[in-house]
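Okay, here's what each chain looks like letter by letter:
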Amino acid sequence: MRYSFLQLLKQGLSGQTGWPPAWRSPEPKRSYDAVIVGGGGHGLAAAYYLARVHGMRRVAVLERGWLGGGNTGRNTTIVRSNYFFPESARIYDFALRLYEGLSKELNFNIMLSQRGVLNLAHSEHDMELMARSVNAMLVNGIAVELLDAKQVRAEVPLLNFGPGARYPIHGGFVQRRGGIARHDAVAWGYARGADSLGVDIIQNCEVTGFRIEGGRVQGIETSRGAIAAGAVGLSVAGHSGVLAGLAGFRLPIQSYALQAMVSEPLKPMLNTVVMSPATGMYVSQSDKGELVFGGGLDLYPSYAQRGNLPVEQTVVAGLLEMFPAFRRLKLLRQWAGIVDVCWDYSPIIGPAPVDGMYLNCGWGTGGFKAIPAGGWLMAHLLATGRHHDISAPFDLSRFTTGRLIDEAAGAAIAH
Amino acid sequence: MLLIPCPWCGPRSEPEFQFGGEPATRPVPAAEVSDAAWGAYLYVRSNEKGPHRELWCHAGGCGQWFLMERDTVTHAVLRTHKPGAAA
Ligand SMILES: Cc1cc2nc3c(=O)[nH]c(=O)nc-3n(C[C@H](O)[C@H](O)[C@H](O)COP(=O)(O)OP(=O)(O)OC[C@H]3O[C@@H](n4cnc5c(N)ncnc54)[C@H](O)[C@@H]3O)c2cc1C
Ligand SMILES: [Zn+2]
């Protein structure tokens, strides 16, 4: 069903009883041309583009839990493309451009709000480094603006400009096209789009092994039986190491908990995304009025989807230092997702060490913004067996050649 | 919050410690190590879901390094011991 104002009116008049499910829940078939493991944003987007761009219809997405129940539904939804290296700017800006047209393309409102992303500098040295980053971004073709303290104050007057500020604000830079989007809507919109093109989306179906013959993947073992597959894509984020283990190889990825939290809802008072690398926090205000905020990774590897107290304290302390007015707010919820961190904070996209198997992982703390691109590039790999030139630099081989794309050094905060 | 038994100081709280990664053994001799082996040494770890061997430093205490076995799912500290002590 196409969603429209007329449809809304019609369904409203009939008591909202006529809406069909947004996607089917089919039984898995015995064989598919392509199977994607992981029903997060990346997996669902790959399935959608496989069907829409490459015309492949015998495609399944296997998700062990529910759609978007991994990091896609746990993230703080910041989208931006202000990266340091040209390879990164290319891939993230490709994603942002797809995001800009996505609500229309999917006929599903992903609530993209390009309210800007403001990064703060807290010393003269920060300002110098920031000017260097801004120059790199401009050379990459990404429009960003360097702001002095007065300009930052005019944009976000609630920030701590008091005489006793522990981290005085010296300036910042902003990407106006950055912002936030609705995470569930991205997963659901791609799922609905893929389903309408014939893709089978299968939830509660855990992948437990692979059938590999002569170095080539032939099929998948799942909690709902064996499935033969022409090509297999892995988009399982924090569980990439576990799935790689099942397929007999290892990855340069470590799994960490990344936490986030929300406050009680407030009237609108923060109209942009603010990131403060020095105090280890970032914040935005959701459409419901809650402050959504987070910071860095928990300090040791984890598969527990909950955050630890020391990092939570750092994040809250950072928030209150930056916004003294938030001191009396109550925390509503706190949670974590298991993120797949590469040493250079860039993703791994490309063929796996097993023929017929492809990787789209290692997005770590910042892969929500990349979902349309990750899906697009994975679809290209699954359909053609070859890299798109945007994904080529992100091949697994960079950990042997040493040609890393070190955004950890380049990009300060990583979400 | 973890309660970590430092083999030298006894149980102390998590913020006193620094995680030092999973131990890896440097391949030698350098001139004969392939790019693949060197890349694996630098970047590839077991990333185990379950019991996991790790190096930790009691940075805010005695400053000593030690080994710890910790469950990455439950975060239970299974045991800690001094480097060199039987693994
Ligand atoms: C707290 C937090 C804040 C974040 N903030 C931002 C942000 O502001 N901006 C940004 O760009 N990014 C952010 N990220 C990162 C972003 O959420 C992820 O990079 C992105 O969502 C990854 O999408 P994915 O589809 O690859 O993984 P996921 O959404 O995690 O999907 C992977 C799926 O694989 C499934 N799976 C695992 N094992 C199996 C199996 N054996 N069989 C079948 N299915 C399996 C899981 O159940 C899961 O649903 C944040 C992450 C967290 C945790
Ligand atoms: Zn000690």
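This one's a predicted model, so the numbers in the text were calculated from it and none came from an experiment.

Regarding the overall build of chain B
Thought 1: Within chain B one finds one helix and six strands.
Thought 2: Helices and strands in chain B line up, N terminus first, as β-β-β-α-β-β-β.
Thought 3: Structurally, chain B occupies a C-alpha span of about 45 × 25 × 25 Å along its principal axes.
Thought 4: Looking at chain B residue by residue over its 87 residues, the buried ones come to 34%.
Thought 5: Partitioning the intrachain contacts of chain B with sequence separation of at least 6 by distance along the chain shows that 43% fall at a separation of at least 24.
Thought 6: Accessible area for chain B stands at about 4,700 Å²; split by element, carbon and sulfur atoms hold 54% of it.
Thought 7: When the 8 positive and 9 negative side-chain charges of chain B are each reduced to one mean point, those points stand 5 Å apart.

Re the site of ligand 1
Residue and element names in this part refer to chain A.
Thought 1: Around ligand 1 sit 39 residues in total, of which E63, N71, T72, T76 and K369 are the nearest.
Thought 2: At 3.0 Å, a backbone N or O of H42 approaches an oxygen atom of ligand 1.
Thought 3: G364 is positioned such that a nitrogen or oxygen atom in its backbone is 3.4 Å from an oxygen atom of ligand 1.
Thought 4: Protein burial of ligand 1: of its 1,000 Å² of free accessible surface, 97% is covered by the chains.
Thought 5: The residue inventory of the shell around ligand 1, partitioned by class, reads 14 nonpolar, 20 polar and five charged.
Thought 6: Counting only domains with at least three residues in the shell around ligand 1, you end up with domain 1 (25-107 + 183-252 + 344-401) and domain 2 (117-179 + 255-342).

Description of the domain arrangement of chain A
All names here are of chain A.
Thought 1: Segmenting chain A into domains produces domain 1 (25-107 + 183-252 + 344-401) and domain 2 (117-179 + 255-342).
Thought 2: Computed from C-alpha atoms alone, the centre-to-centre distance between domain 1 and domain 2 is 29 Å.
Thought 3: The partner domain 2 presents 32 residues to the 36 residues of domain 1 that form the contact.
Thought 4: Taken as a group, R74, N82 and F84 account for 25% of the area that domain 1 buries against domain 2, more than any other trio of residues on that side.
Thought 5: Between the two partners, domain 1 and domain 2, sit two salt bridges.
Thought 6: Note that R177 and E100 form a salt bridge whose closest N and O atoms lie 3.0 Å from each other.

Some remarks on the layout of surface pockets
Residue and element names in this part refer to chain A.
Thought 1: The volume enclosed by the second largest pocket comes to roughly 520 Å³.
Thought 2: Forming the walls of the second largest pocket are 20 residues, and the residues nearest its centre are T77, H183, S286, K288 and E290.
Thought 3: At the level of secondary structure, the elements contributing two or more residues to the lining of the second largest pocket comprise α7 (183-196) and β16 (331-342).
Thought 4: Along the lines of polarity and charge, the residues of the lining of the second largest pocket split into six nonpolar, seven polar and seven charged.
Thought 5: Mapping the lining of the second largest pocket onto the domain boundaries places at least three of its residues in each of domain 1 (25-107 + 183-252 + 344-401) and domain 2 (117-179 + 255-342).

Considering unusual backbone geometry
Thought 1: Backbone torsion omega between B:V28 and B:P29 reads -5°, so that peptide bond is classified as cis.
Thought 2: Looking at the secondary structure, you find B:P29 in the loop between β3 (18-19) and α1 (35-43).
Thought 3: One non-glycine residue, A:A237, lies in positive phi territory at about 45°.
Thought 4: The exposure class of A:A237 is partly exposed, given its relative accessible area of 25%.
Thought 5: The phi angle at A:Y345 is positive, at roughly 60°, despite the residue not being glycine.
Thought 6: Considering the arrangement of structural elements, one finds A:Y345 in the loop between β16 and β17 (348-351).

Topic: the coordination of the zinc ion (ligand 2)
Residues and elements named next belong to chain B.
Thought 1: Protein-derived ligands of the zinc ion (ligand 2) are C6 (SG), C9 (SG), H58 (ND1) and C62 (SG), with the metal-ligand distances lying across 2.0 to 2.3 Å.
Thought 2: If you look at the zinc ion (ligand 2), its four donor atoms make angles of 104 to 117° with each other, and the shape they trace is tetrahedral.
Thought 3: Between consecutive donors of the zinc ion (ligand 2), the numbers of intervening residues give the motif C-x2-C-x48-H-x3-C.

Side note on the pairing of strand β11 (residues 225-234) of chain A
Residues and elements named next belong to chain A.
Thought 1: Taken together, the six bridges between strand β1 (residues 31-37) and β11 define a ladder with parallel strand orientation. When the sheet's bridge partners are listed, V37 is paired in β11 with L234.
Thought 2: The sheet contact formed by strand β10 (residues 216-222) and β11 spans four bridges and is antiparallel. Within β11, the residue paired with E221 across the bridge is A226.

Things to note about the interface of chain B and chain A
Thought 1: The partner chain A presents 25 residues to the 25 residues of chain B that form the contact.
Thought 2: Buried area between chain B and chain A, summed over both chains or domains, comes out near 2,100 Å², and the portion from carbon and sulfur atoms is 57%.
Thought 3: Looking only at chain B, the three residues that lose the most surface to chain A are B:Y43, B:N47 and B:K49, adding up to 33% of its buried area.
Thought 4: Here chain B and chain A share eleven residue pairs in polar contact (both at pLDDT 80 or more) between them.

Things to note about the sheet that holds strand β15 (residues 291-301) of chain A
Residue and element names in this part refer to chain A.
Thought 1: Spatially, β5-β6-β4-β13-β14-β15-β12-β16 is the arrangement adopted by the eight strands of the open sheet, whose pairing is mixed. Each end of this open sheet is capped by a strand with a single partner; those strands are β5 (145-148) and β16. Each neighbouring strand pair of the sheet contributes to a mean axis angle of 25°, computed without reference to strand direction.

Considering the nonpolar core
Residues and elements named next belong to chain A.
Thought 1: With 53 residues, the main nonpolar core has I91 and Y190 as its most contacted residues.
Thought 2: Broken down by secondary-structure element, the contributors of at least two residues to this core are β1, α2 (41-54), β2 (59-62), α3 (86-100), α4 (102-106), α7 and α10 (371-384).
Thought 3: If one sorts the elements of this core by residue count, α2 sits on top with eight residues.
Thought 4: Filtering out sequence-adjacent residues up to four positions away, Y190 remains in contact with L44, A45, Y48, Y49, L102, L106, I371 and P372.

Focus on the UniProt feature "domain: Rhodanese" (unreviewed entry) in chain A
Thought 1: Per the UniProt record, "domain: Rhodanese" (unreviewed entry) is found at residues 35-78 of chain A.
Thought 2: Secondary structure content for residues 35-78 of chain A is 32% helix and 18% strand, while the C-alpha to C-alpha distance between its ends is 29 Å.

Digging into the sheet that holds β3(B)
All names here are of chain B.
Thought 1: As summarised here, the arrangement of the four strands in space is β3-β4-β5-β6, forming an open sheet in which the pairing is antiparallel. Lying at the two open borders of the sheet, with one neighbouring strand each, are β3 and β6 (77-81).
Thought 2: In terms of strand pairing, strand β4 (residues 51-57) meets strand β5 (residues 65-71) through seven bridges, oriented antiparallel. Considered in β5, the bridge of R53 is made with E69.

Calculation rules
Position numbers for residues count from 1 along each chain, tracking the sequence in the order it is written. Whichever chain is written first becomes A and whichever ligand is written first becomes 1, with later ones labelled in order. Selection of residues for local features in this predicted model requires a pLDDT of at least 70, selection of side-chain atom pairs for listing and counting requires 80 or more, and totals for whole chains, interfaces and linings are taken over all residues. Water and hydrogen atoms were dropped before computing side-chain values, which therefore reflect all heavy atoms in the structure. Secondary structure follows DSSP: runs of H or I at least 4 residues long count as helices, runs of E at least 2 residues long count as strands, and numbering of each begins at the N terminus. The buried label goes to any residue with under 20% of its type's maximum accessible area, the exposed label to any with over 50%, and the partly exposed label to all in between, with areas taken from a 1.4 Å probe on protein chains only. Contacts were defined at the residue level, with two residues in contact if any of their heavy atoms lie within 4.5 Å. Here, Shrake-Rupley sampling with a 1.4 Å probe gives the accessible areas, and only protein chains in the shown set may cover a residue. Only four residue types enter the charge count, namely Lys and Arg as positive and Asp and Glu as negative; His and the chain termini do not. By convention, the charge on Lys lies at NZ, on Arg at CZ, on Asp at CG and on Glu at CD. Proximity is defined per residue: if any heavy atom of the residue lies within 4 Å of a molecule or strand, that residue is considered near it. By the criterion applied in these results, polar contacts are pairs of N or O atoms within 3.5 Å in which, for protein atoms, one can donate a hydrogen and the other can accept it, and in which residues neighboring in sequence qualify only through two side-chain atoms. Each residue is assigned to one class: nonpolar for Ala, Val, Leu, Ile, Met, Phe, Trp, Tyr, Cys and Pro, charged for Asp, Glu, Lys and Arg, and polar for all the others, Gly among them. Note that domain bounds follow an automatic or database assignment of domains. Using a 1.4 Å probe, buried area is obtained as the accessible area two parts lose upon being combined, added over both of them. The salt bridge criterion pairs a side-chain nitrogen of Lys or Arg with a carboxyl oxygen of Asp or Glu, the two atoms within 4 Å. Each cavity reported here is a set of points on a 1 Å grid over the protein atoms alone in which a 1.4 Å probe fits but cannot get out, each pocket an open set with protein on both sides within 12 Å along at least five of seven lines, and each lining residue one with an atom within 4 Å of a point. Grid points are joined across faces, edges and corners, and a volume is the space filled by probe spheres set on the points. Metal donors: N, O and S atoms at distances within 2.8 Å, or within 3.2 Å for Na, K and Ca, with water omitted from the atom set so that some sites may seem incomplete. Every angle between 85 and 135 degrees makes a four-donor site tetrahedral, while opposite donors more than 155 degrees apart, with all other angles between 65 and 115, make a four-donor site square planar and a six-donor site octahedral; other sites are irregular. Two strands are said to pair when DSSP picks up at least two bridges between them. Only C-alpha atoms enter the line fits that serve as axes; for helices the fit covers just the stretch in contact. Angles between N-to-C directions range over 0 to 180 degrees. What we call a nonpolar core is a set of buried Ala, Val, Leu, Ile, Met, Phe, Trp, Tyr and Cys residues that are connected through their side-chain atoms within 4.5 Å. UniProt positions are given in the numbering used here, feature names are shortened, and annotations may be inferred rather than shown by experiment.

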